[in-house]
Amino acid sequence: MKAHYQACDVPAWERMRLPIVSSGPDLLYAAGLGMDCRHFGAPGLALIALRWESSEA
């Protein structure tokens, strides 16, 4: 992950605050990098939708 963040110019101080979504051992999404498309829309598997919401009112 570190190498991917570096390649995308995501600063080190920001990486610790970015959310990561996984399912079991599979990484599905890493904010600032994107999603692993192998897990989205594969035949016979349930679809996954992600929506980020602020916890501030």
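Residues numbered from 1 in each chain as written. Predicted model: local features only at pLDDT ≥ 70, side-chain atom pairs only at ≥ 80, totals over all residues. Heavy atoms only, no water.

Asks: Which residues make up the overall build of the protein, and what values do they have?
Replies: The number of helices and strands found in the protein is two helices and three strands. Listed N to C, the secondary structure of the protein is α-α-β-β-β in terms of helices and strands. What you see for the protein is a C-alpha radius of gyration of 13 Å, clearly larger than the 10 Å of a compact globule of 57 residues, by over 25%. Each of the three principal axes of the protein carries a C-alpha extent, and together these read 40 × 35 × 20 Å. Looking at the protein as a whole, 18% of its 57 residues are labelled buried. Considering only intrachain contacts with a sequence separation of at least 6, the fraction spanning at least 24 residues in the protein is 26%. For the protein, the computed accessible surface area is about 4,800 Å², with 57% contributed by carbon and sulfur atoms. Taking the average place of the 5 positive charges on the side chains of the protein and the average place of its 6 negative ones, the gap between the two points comes to 5 Å. (Helix = DSSP H or I, 4+ residues; strand = E, 2+ residues; numbered from the N terminus. Rg over C-alpha atoms; globule rule 2.2 N^0.38 Å. Buried < 20%, exposed > 50% of the residue type's maximum accessible area, 1.4 Å probe, protein only. Contact = heavy atoms within 4.5 Å. Areas by Shrake-Rupley, 256 points an atom, 1.4 Å probe, with all protein chains shown as cover. Lys, Arg positive; Asp, Glu negative; His and termini not counted. Charge placed at Lys NZ, Arg CZ, Asp CG, Glu CD.)

Asks: Quick one: what's the story with the sheet that holds strand β2 (residues 26–30), residue by residue and with numbers?
Replies: Taken in spatial order, the three strands line up as β1-β2-β3 in an open sheet, and their pairing is antiparallel. The open sheet is flanked by β1 (20–23) and β3 (34–35), the only strands paired with a single partner. Here β2 runs beside β3; their pairing, made up of two bridges, is antiparallel. Following the sheet pairing, Ala 30 is matched in β3 by Gly 34. (Pairing = 2+ DSSP bridges.)

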